Amino acid sequence: MPIFKSEWNLQWSVMIILYYVDIIDCSNYYIPDRGKKTSNEELRDLTEELYALDTFNYEKYVRFNFQHKTYYPNITHYSLYEFPEKAQNPLIEIKDKSLYNVSTVRALLELFPHFNPDINAYEINSRRKRKLKKRFLNKVCNTPVMQKMQQFFIKKGELKSDLLEEYFTFLSDMWFEPFKRHTHSQHVSSSGFEHTFLAEYSKNDTHIRVYGFHNWLYFHYLESLNQSLAYHGHSRRRAIGNNESRTLQLTNVFMDWQDCQRVGGMILGISPELELALYTLCIMYRTNDPDGCRISLGGSEVVIRAFEYYVKKQRYISSVFPVFDYRPWNLSVTTTRRPRPPKLTEPKSMFMF
């Protein structure tokens, strides 16, 4: 008699195993059935089209100073090892300040100061902030990349018409709807957008936790704020795409922010519209998928992990991020619980998605 009577039960079992080997916290995750709407081939073909439509070339504007590389046998529990020294130079060097005149880049950068990264603090949704959210969505939705994705959603029945207002509402509800990231949080202060395109932290008397950090423009924004973010090198990086003039870089970056040492996975050089499109697709069709969301950019396979968060049956985006060489778990292999970092009297580093 088979152990798993359905694909749904198999997915849940994989998530439970991931929890017990300490990969992710699955306590608030739910596995939907939307993935059957779109095949892997459709996702690969669509993301190749989106990549071809994107004309943003970061190499005209910035240079990435990767500097020293550190390899850790277990990247998830890197706090078991000595954290690398601070790099001599920032990761992102601006060659041409006209980067800030790129409409979607400018709209995203203008949003950053209006978010409070402390998940225990009240998030103010001011009129100015609402206006900037609308401006950002307006800028990205009028790009060929997001217009192509809109047509795909209409074809799949996710959108009823090609009205931009409906598209705005669809994206706004998905990415900007606020929620409590933890049940013990006093305020509704988090969102999928803030976690994925910015970063968040929580502090108490014993430790600090940092969440998110998957966007290179936010990394640059913090680096430029009087060195509030310290770059400590990288562990891995891989070129993405077949266009030599704008090869993206999938990178694991070591950093120190809010007195917390952290590793963040991000795609360096990707445009805001392409990143938003890719992550939205993965949220829609490969949420909590044990196999990951497998897309293709310029002939390079990229795996993205997408997770949802449910509060009183209301669905929110928990996190979306790229990963290296992800493979689904082999259930026939005996797994052991990962070693815990030693207890410290001082605040300890935590790796959180």
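Use the structure listed above.
Parameters at a glance
Residues numbered from 1 in each chain as written. Predicted model: local features only at pLDDT ≥ 70, side-chain atom pairs only at ≥ 80, totals over all residues. Heavy atoms only, no water. Buried < 20%, exposed > 50% of the residue type's maximum accessible area, 1.4 Å probe, protein only. Helix = DSSP H or I, 4+ residues; strand = E, 2+ residues; numbered from the N terminus. Pairing = 2+ DSSP bridges. Salt bridge = Lys/Arg side-chain N within 4 Å of Asp/Glu carboxyl O. Core = buried A, V, L, I, M, F, W, Y, C linked by side-chain atoms within 4.5 Å. Contact = heavy atoms within 4.5 Å. Axes fitted to C-alpha atoms, helices over the stretch in contact; angles between N-to-C directions.

**So, the pairing of strand β7 (residues 260-268)**
Counted residue by residue, β7 has eight buried out of nine residues, so it is predominantly covered. Pairing geometry for strand β6 (residues 248-257) and β7, over nine bridges, is antiparallel. Among the inter-strand pairings, phenylalanine 254 is bridged to a residue of β7, identified as valine 263. Counting the residues in the hairpin turn of β6 and β7 gives two residues, including glutamine 258, whose phi is positive at 55 degrees.

**Brief notes about the pattern of salt bridges**
For the structure shown, the criterion picks out 10 salt bridges. Arginine 106 is the salt-bridge partner of glutamate 110, the closest N and O atoms lying 3.4 Å from each other. Separated by four residues within a single helix, glutamate 110 and arginine 106 lie in helix α3 (residues 103-111), roughly one turn from each other. Here glutamate 110 makes a salt bridge to arginine 135, at a shortest N to O gap of 3.0 Å. Residue glutamate 110 is found in helix α3, and its partner arginine 135 is found in helix α4 (residues 127-141); the two are separated by 25 residues along the sequence. Taking the relative accessible area as the measure of exposure, arginine 135 reaches 28% and is therefore partly exposed. A cluster of three or more residues bridged by salt bridges with shared partners is formed by Arg106, Glu110 and Arg135.

**A look at the nonpolar core**
Membership of the largest hydrophobic core comes to 86 residues, with the highest contact counts inside it found for Phe136, Phe153, Trp175, Phe193, Phe213, Trp216 and Phe219. Counting residues per element, this core draws most heavily on helix α9 (residues 272-285), which supplies 10 residues. Each residue touching phenylalanine 193, except ones within four places of it in the same chain, is listed here: Leu108, Leu111, Phe115, Phe136, Trp175, Phe176 and Leu198.

**A closer look at the sheet that holds strand β5 (residues 229-240)**
Pairing in this open sheet of three strands is antiparallel, and the strands run β5-β6-β7 from one edge to the other. Lying at the two open borders of the sheet, with one neighbouring strand each, are β5 and β7. Strand-to-strand twist in this sheet, taken as the mean axis angle between neighbours without regard to direction, amounts to 20 degrees. Running over the sheet, helix α8 (residues 216-223) touches β5, β6 and β7 and is turned about 155 degrees from β5.

**Description of the sheet that holds strand β8 (residues 293-297)**
Across a sheet, paired strands are connected by hydrogen bonds in the backbone, their directions being either parallel or antiparallel. Taken in spatial order, the three strands of this open sheet run β8-β9-β10, and their pairing is antiparallel. The strands lining the two open edges of the sheet, one partner per strand, are β8 and β10 (314-323). Averaged over all pairs of adjacent strands, the angle between strand axes in this sheet comes to 30 degrees, irrespective of strand direction. Bridge count between β8 and strand β9 (residues 300-311): five bridges; the pairing is antiparallel. Across the sheet, isoleucine 295 pairs through a bridge with valine 302, a residue of β9. Helix-sheet contacts for helix α2 (residues 40-53) involve β8 and β9, and the interaxial angle to β8 is about 40 degrees.

Treat this as a map of the structure, not an account of what it does.
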